[in-house]
Amino acid sequence: QVQVVESGGGWVQPGGSLRLSCAASGFTFRKYAMAWYRQAPGKQREQVAAIDKGGGRRNLADAVKGRFTISRDNDANTVDLEMNNLKAEDTAVYYCRALVGGSGYWGQGTQVTVSS
């Protein structure tokens, strides 16, 4: 019943922008903090951004500060990741997660490829 579904990935050139969106259903979205993660081939999954349940507090990984923005819409049950000035090292599968106890609720991921 719980679903977390990412969309918006694709291919962009360095310096370009993408907006990822995560649509959640099957749980009370507004009660939980949300986060975006990414995993590149051969590397560990890392958290890139998080936002509290009300959207008032946000955290960004050092590698994306100044370039990415996380936001949420509790009426639409969505959390977005706006990515600007993309670099080749941003290439990864990006995942959305609801920060509940245990492993949380994970989406299936969406591929972002940054190359010339």
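Residues numbered from 1 in each chain as written. Predicted model: local features only at pLDDT ≥ 70, side-chain atom pairs only at ≥ 80, totals over all residues. Heavy atoms only, no water.

*Asks:* When you look at the nonpolar core in this model, what are you seeing that I'm missing?
*Replies:* Across soluble globular proteins, nonpolar side chains show a tendency to be buried alongside one another. M34, W36, V79, L81, M83 and Y94 are the most contacted members of the largest nonpolar core, which totals 28 residues. If you list the elements that add at least two residues to this core, you get β3 (18-25), β4 (34-39), β5 (46-51), β7 (68-73), β8 (78-83), β9 (92-98) and β11 (110-114). Once you skip the residues sitting within four places of it in the chain, M83 turns out to touch G16, S17, L18, L20, R67, F68, Y94 and V112. (Core = buried A, V, L, I, M, F, W, Y, C linked by side-chain atoms within 4.5 Å. Buried < 20%, exposed > 50% of the residue type's maximum accessible area, 1.4 Å probe, protein only. Helix = DSSP H or I, 4+ residues; strand = E, 2+ residues; numbered from the N terminus. Contact = heavy atoms within 4.5 Å.)

*Asks:* What is the right way to look at the state of the cysteines in this model?
*Replies:* Note: disulfide means a covalent bond formed between the sulfur atoms of two cysteine side chains. Counted by the stated rule, this structure contains one disulfide. Note on cysteine connectivity: C22 is disulfide-linked to C96, with sulfurs 2.1 Å apart. Measuring the twist about the S-S bond at about -85 degrees, one finds the C22-C96 disulfide to be left-handed. Of the two residues, C22 is situated in strand β3 and C96 in strand β9; the sequence distance between them amounts to 74 residues. On the basis of relative accessibility, which here comes to 0%, the residue C22 falls in the buried class. The exposure class assigned to C96 is buried, which follows from its relative accessible area of 0%. (Disulfide = S-S within 2.5 Å.)

*Asks:* Explain the sheet that holds strand β1 (residues 3-7) here, please?
*Replies:* Note: strands within a sheet are paired through backbone hydrogen bonds, in either parallel or antiparallel orientation. Taken together, the four strands give an open sheet; going across it, the order is β1-β3-β8-β7, and neighbouring strands pair in antiparallel fashion. Edge positions in the sheet fall to β1 and β7, since each has one partner strand and no second. Taking the axes of each pair of neighbouring strands and ignoring which way they run, one obtains an average angle of 15 degrees across the sheet. Pairing analysis gives five bridges linking β1 to β3, with the strands arranged antiparallel. In the strand pairing of β3, E6 is matched with C22. (Pairing = 2+ DSSP bridges. Axes fitted to C-alpha atoms, helices over the stretch in contact; angles between N-to-C directions.)

*Asks:* Where do I start with the environment of G10 in this structure?
*Replies:* On the secondary structure map, G10 appears in strand β2 (residues 10-12). Taking the C-alpha atoms as reference points, G10 and L20, ten residues apart in sequence, are found 9.6 Å from one another. Contact partners of G10, with chain neighbours within four places excluded, come to L18, Q111, V112 and T113.

*Asks:* Is there a simple way to explain the side chain of T110 in this structure?
*Replies:* With respect to the helices and strands, T110 occurs in strand β11. We classify T110 as buried; its relative accessible area is 11%. A polar contact of 3.2 Å, which involves the side chain of T110, links it to the backbone nitrogen of G9. Discounting residues that sit within four places of it in the chain, T110 has contacts with E6, S7, G8, G9, L20, A92, V93 and Y94. (Polar contact = N/O pair within 3.5 Å; in protein donor to acceptor, adjacent residues only side chain to side chain.)

*Asks:* I'm lost on the pattern of salt bridges in this one. Help?
*Replies:* Oppositely charged side chains are able to pair whenever their charged atoms sit close together. A full pass over the atoms with the stated rule returns five salt bridges. For D62, the salt bridge is made with K65, and the minimal N-O distance between the two is 3.0 Å. Linked by salt bridges that have partners in common, R38, E46, R67 and D90 make up one network. (Salt bridge = Lys/Arg side-chain N within 4 Å of Asp/Glu carboxyl O.)

*Asks:* Can you walk me through the pairing of β5 in this structure?
*Replies:* Regular strands have side chains that alternate between both faces of the sheet. Where β4 and β5 come together, five bridges link them in antiparallel fashion. Following the sheet pairing, R38 is matched in β5 by E46. The loop that links β4 with its antiparallel partner β5 comprises six residues; one of these, G42, has a positive phi angle of about 75 degrees. Of the strand pairs in this sheet, β5 and strand β6 (residues 58-60) are connected by three bridges, and their pairing is antiparallel. The residue bridging A49 from the neighbouring strand is L60, located in β6.

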